[in-house]
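Observations on the model geometry
One-letter residues, chain by chain:
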Amino acid sequence: MTDPTIRRAGNRVFIAGIALLVIWVLGPIWLLFVNALSAPDEVTGFPKSFFPSFDMESLTFFFGFSGVAQALWNSVQVATVTMILSIGIGAPAGYALSRFDFPGKEAFRFLVVMTRAFPLPLLALPLAVMFIRTGLDDTILGLALVHTTLALPFAVLITFSLFSGIPLELEEAAWTLGCNRVQAFIKVILPLAAPGIAASAVFAFVISWNEVFAAAVLTIENRTLTAFLLQSLDVSPLPLKFAGGTALVMPALIFIFAVRKYLFAMWGIANR
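Residues numbered from 1 in each chain as written. Predicted model: local features only at pLDDT ≥ 70, side-chain atom pairs only at ≥ 80, totals over all residues. Heavy atoms only, no water.

Section: the packing of helix H7 (residues 140–164) against helix H9 (residues 181–210)
H9 packs onto H7 with a crossing angle of 145° between their chain directions and a minimal axis gap of 9 Å. Two packed elements cross with a definite hand, and for H7 against H9 that hand is right-handed. Here H7 contributes His147, Leu150, Ala151, Phe154, Ala155, Ile158, Thr159, Leu162 and Phe163 to the contact with H9, which in turn contributes Phe185, Ile189, Ala193, Gly196, Ile197, Ser200, Phe203, Ala204, Ile207 and Ser208. Grouping the amino acids of the contact of H7 with H9 by side-chain chemistry returns 14 nonpolar, five polar and no charged. (Axes fitted to C-alpha atoms, helices over the stretch in contact; angles between N-to-C directions. Helix = DSSP H or I, 4+ residues; strand = E, 2+ residues; numbered from the N terminus. Left-handed = near helix turned anticlockwise from the far one by under 90°. Contact = heavy atoms within 4.5 Å. Nonpolar A, V, L, I, M, F, W, Y, C, P; charged D, E, K, R; others polar.)

Structural data, given as structure tokens:
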């Protein structure tokens, strides 16, 4: 085979691989939306339609189900608090790791990663006992603290990589112009780091939004949407399960779409 023929074959294989990956990722989401926006008879009937009939019966019943609205609001609150805490703690930690040398720096980075090695079910009982004793059980703040521990390692590592990619000379130039370290960070580093910080925030939000184990164990009255669905809709009809899945997926997709330009900008910074 000639070189052009080999290149064309390679391009076709590459395009086919990308197409399969797109179908693998978007296919389940599309089918979820199709079934959520179809009449119950169409969901359980055969043959299946590849396009929705835009029947809102399942979604209307789902959102009118007792407790769904409160669970949805609880998920928004927990995910927002988790996002704020993860960035508020993780970004300064990432900046410190990228700009300062101190004894135990590499060990600290390793410990940050190792916090993800402990399975949450192993810590469930000690956490539940501690939260009951401190009054944090069945609260938005208590669950947000648990979710923050899950998201914080990623926030630290992402911001560490981002700050390490920003030249120190930019800060030094700001210092020579009269800025102190805090002013140089706010005026010079923070605008450049905003895309990466936004990416960390998205990741923290999605981790909290999708987490179900801690929410199911540590809450009773103030359940998030994932825990509520696990508790209330596990034996529900199939159309309501699709409606619940759509309610879980949509906010995360909307949030990612809203900050997509920051995600693209982050890759631009990383590639320069």
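Describing the nonpolar core
If you look at soluble globular proteins, the nonpolar side chains tend to sit buried side by side. Among the nonpolar cores identified, the biggest contains 25 residues, and Phe62, Phe163, Ala193 and Leu225 are the most heavily contacted of them. Elements that contribute at least two residues to this core include exactly helix H3 (57–64), helix H4 (68–99), H7, H9, helix H11 (225–232) and helix H12 (238–258). Counting 17 residues, the second-largest nonpolar core is a separate cluster that includes Val78, Ala151, Ala215 and Leu218. (Core = buried A, V, L, I, M, F, W, Y, C linked by side-chain atoms within 4.5 Å. Buried < 20%, exposed > 50% of the residue type's maximum accessible area, 1.4 Å probe, protein only.)

Overview of H7
Note that an α-helix has 3.6 residues per turn; residues three or four places apart therefore point the same way. The end-to-end C-alpha separation of H7 is 34 Å, in line with the 36 Å expected for 25 residues at 1.5 Å each. Largest kink in H7: about 40°, centred on Ala151, with the proline Pro153 one to four residues after it. For H7, the capping residue at the N-terminal end is Thr139, with a side-chain oxygen 3.0 Å from the backbone nitrogen of Gly142. (Expected span 1.5 Å × (residues − 1). Bend = angle between axes of the 7 residues up to and from the residue. Polar contact = N/O pair within 3.5 Å; in protein donor to acceptor, adjacent residues only side chain to side chain.)

Remarks on the side chain of Arg223
Looking at the secondary structure, you find Arg223 in the loop between helix H10 (213–218) and H11. Asp138 provides the closest opposite charge to the buried, unpaired Arg223, separated from it by 7.1 Å. Side-chain polar atoms of Arg223 contact the backbone oxygen of Thr219, separated by 3.2 Å. With near-sequence residues (within four places) excluded, Arg223 lies in contact with Ala71, Asn74, Ala215, Ala216, Phe228 and Gln231. (Lys, Arg positive; Asp, Glu negative; His and termini not counted. Salt bridge = Lys/Arg side-chain N within 4 Å of Asp/Glu carboxyl O.)

Focus on the pattern of salt bridges
Taken as a whole and judged by the stated rule, the model has one salt bridge. Measuring nitrogen to oxygen at the nearest pair gives 2.5 Å for the salt bridge that ties Glu171 to Arg99. Residue Glu171 is located in helix H8 (residues 168–176), and its partner Arg99 is located in helix H4; the two are separated by 72 residues in the primary sequence. Residue Glu171 shares its accessibility class with Arg99, and that shared class is buried.

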